[in-house]
Amino acid sequence: MSSYSASSAARPGEVAGTLRLLGLLLLAVVLMVLDHRGGWLVQVRQHGETMMQPLWWLAAMPGRMGESIRQGAVSREQLIEDNRNLRNALLLSGARVARLQATVAENTRMRALLDAAQAVGEDVQLVPILDVDMDPTRQRLLLAAGSSHGIESGQPVIDAGGLLGQVISLTPTTATVLLLTDPDHAVPVTVARTGARLIAQGSGRVDQLEVPNVPFSADLEVGDEIVSSGLGGRFPPGFSVGRVIELRSDEGRAFLVAVLAPAAHLDRGREVLLLRNVARGGVLPIPVSPVVPLADPAQAAPAAPAADGEGDGRTTLPITPEQSPVDSREHRQPSEPSP
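The rules behind each value
Residues numbered from 1 in each chain as written. Predicted model: local features only at pLDDT ≥ 70, side-chain atom pairs only at ≥ 80, totals over all residues. Heavy atoms only, no water. Salt bridge = Lys/Arg side-chain N within 4 Å of Asp/Glu carboxyl O. Helix = DSSP H or I, 4+ residues; strand = E, 2+ residues; numbered from the N terminus. Buried < 20%, exposed > 50% of the residue type's maximum accessible area, 1.4 Å probe, protein only. pLDDT = per-residue confidence, 0-100. Contact = heavy atoms within 4.5 Å. Core = buried A, V, L, I, M, F, W, Y, C linked by side-chain atoms within 4.5 Å. Polar contact = N/O pair within 3.5 Å; in protein donor to acceptor, adjacent residues only side chain to side chain.

For the rest of this paragraph, the subject is the pattern of salt bridges. This model, assessed by the stated rule, comprises eight salt bridges. Asp-182 serves as the salt-bridge partner of Arg-140, at 2.7 Å between the closest nitrogen and oxygen. With Arg-140 in strand β2 (residues 138-143) and Asp-182 in the loop between β5 (175-179) and β6 (186-191), the pair connects residues that are 42 residues apart, well separated along the chain. You'll find Arg-140 and Asp-182 in the same group, each marked buried. When the shortest N-O distance is used, the salt bridge between Arg-248 and Glu-210 registers 3.3 Å. Linking Arg-248 in strand β10 (residues 240-249) with Glu-210 in strand β8 (residues 209-214), this pair joins segments that are 38 residues apart in sequence. You can call Glu-210 partly exposed: its relative accessible area is 25%.

Pasting the structure below:
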């Protein structure tokens, strides 16, 4: 009897709950139909969403923070990589610009050499420099061409600035050039302004030449251009040797010493020009006088030609074209003709 009474007492509550659920479902269906047909709940839903946005923002904050941290790490790594690539590109561009500048400078030097060759108007030979020896007691250049390339001992060497030196030794593939600044080198020069004859000597410094034993009465000034005189036959006349930058007294105060700035670029450039219009042995040929027939060769006494090319009252033997050029510094007495 007790179980039956308990089940019968519970039934009214279940019926009420079921009725309540059905009422709520019916209300929901009615609201959905009204909202679908009239849209009168749109504003209510919008206000509700507005009120719920702070809660959604708080709920999404952990995800946003994680994404921000991930993107920041990726951005930093990307920036580091981009910076590394840009730095490498900058170094590469700098190397290319430096190479282009070197090429431009080399083209400028080559153009200056070509202009110098055209200005000389002589047969010249362009030779690259193989090695440089700028010791204070030994100023030399080693050229990448030798006797097999037609180079001869004693050939004058010039560049775009002026006189550089002369060839002193040869191998089949190389040539050694004695520079003007070598302490053992001297070259006859003249002052372009006055024509005064002097001797320029090497000082052992690549940026200086010296002209010793200049009289105090000599008309020589700072800024005067010094050129080769051609005396001795070793160097052609008219090539720029240097410019006077200082005048000082020597140790004994008996003469002046002129200090020259070399006209040639002794410490720059990778090519030089060799003058090829010189005879064997490195001296310029002496002009040959016309042959004058002698009435009686046995009566013609041979005489040595004047060393300075000026007449001194002695008879000069004519030089035939078959004879080799005579060194202007070392004239030889021709042998007497055989009867």
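This part is about the confidence of the model for the chain. For the chain, mean pLDDT is 76; residues scoring 70 or higher make up 75% of the total. Here helix α1 (residues 2-38) stands out as the least confident element of the chain, with mean pLDDT 74; β5 is the most confident, with 95. Contacts from residues 279-339, a stretch scored under 50 in pLDDT, to residues over four places away or in other chains number 57 contacts.

To continue, consider the nonpolar core. In this structure, Leu-163 and Leu-220 are the most contacted members of the largest nonpolar core, which totals 22 residues. At the level of secondary structure, the elements contributing two or more residues to this core comprise β6, β7 (197-202), β8, β10, β11 (256-262) and β12 (271-275). Core analysis: the second largest hydrophobic core is formed by 15 residues, Leu-141, Val-157, Leu-179 and Leu-266 among them.

As for its position among the elements, Arg-234 is in the loop between β9 (225-228) and β10. Its relative accessible area of 18% is what places Arg-234 among the buried residues. A polar atom in the side chain of Arg-234 sits 3.4 Å from the side chain of Gln-166.

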